[in-house]
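For reference, the chains in residue letters:
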Amino acid sequence: TGAATADAGCDAGCVLSGTQASCRVHIEQAAVQEFRARTGVSGACRAAHISVFKQCPQCRTGCSNTMQTRCLAEAMGDSLYDCVAGYRSWERGWSITKKDWCCEHEKLGCPPPSGKA
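Residues numbered from 1 in each chain as written. Predicted model: local features only at pLDDT ≥ 70, side-chain atom pairs only at ≥ 80, totals over all residues. Heavy atoms only, no water.

Chemist: Now, about the state of the cysteines: what can you tell me, with residues and values included?
Modeler: In this structure the tally under the stated criterion is four disulfides. The disulfide bridge from Cys 23 ends at Cys 59, spanning 1.9 Å between sulfur atoms. Negative torsions about the S-S bond denote left-handed disulfides, and the value of about -75° found for Cys 23 with Cys 59 makes this one left-handed. Taken together, the positions of Cys 23 in helix 1 (residues 23-55) and Cys 59 in the loop between helix 1 and helix 2 (66-76) put the pair 36 residues apart, joining distant regions of the chain. Between Cys 83 and Cys 102 runs a disulfide, and the two sulfur atoms are separated by 2.0 Å. Taking the torsion about the sulfur-sulfur bond, which here is approximately -90°, the covalent link between Cys 83 and Cys 102 counts as left-handed. Separated by 19 residues along the polypeptide, Cys 83 in the loop between helix 2 and helix 3 (90-93) and Cys 102 in helix 4 (residues 96-106) bring together distant segments of the chain. The pair formed by Cys 83 and Cys 102 is uniform in burial state, with each residue classed as buried. (Disulfide = S-S within 2.5 Å. Helix = DSSP H or I, 4+ residues; strand = E, 2+ residues; numbered from the N terminus. Buried < 20%, exposed > 50% of the residue type's maximum accessible area, 1.4 Å probe, protein only.)

Shown next, in the form of structure tokens:
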């Protein structure tokens, strides 16, 4: 059972399996060490969040969805997502987190500027 020690989103402290670390560290470690081989890079991110959130619910407060890519980008390396794969149908085919990551890191899949369709 996990216990968060602060309400600071990804930087909140949490004890999981007797180890004290931030939510960010627990998520990064789970993604790389536990889920990456089983689910692939993009699946590891989501699976790690779900796992840590179940064990330490206070991590959900500021460390989900759009924060997901920021929390894991360093741990997963520069290739968190393959932004070329599925690019032809990115608007319908990509997850929100893939859109966010690819837009921020590869300048692909970005929404059009306001007022333009």
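Chemist: Lay out the nonpolar core in plain terms, naming residues and giving numbers.
Modeler: Counting residues in hydrophobic clusters, the biggest one holds 17 residues, and the most contacted among them are Cys 14, Ile 27, Phe 35, Ala 48 and Cys 59. Going through the elements one at a time, strand 2 (13-16) and helix 1 are the ones with two or more residues in this core. Cys 83, Trp 94, Trp 101 and Cys 102 belong to the second-largest nonpolar core, a separate cluster that totals six residues. (Core = buried A, V, L, I, M, F, W, Y, C linked by side-chain atoms within 4.5 Å.)

Chemist: Would you mind going over the pairing of strand 3 (residues 19-22) in detail, with residue names and values included?
Modeler: As paired strands, strand 2 and strand 3 are joined by four bridges and run antiparallel to one another. Bridge assignment links Leu 16 to a residue of strand 3, and that residue is Thr 19. In textbook terms, the turn of a hairpin is the stretch between consecutive antiparallel strands, and for strand 2 and strand 3 this stretch comprises two residues, one of which, Ser 17, has a positive phi near 50°. (Pairing = 2+ DSSP bridges.)

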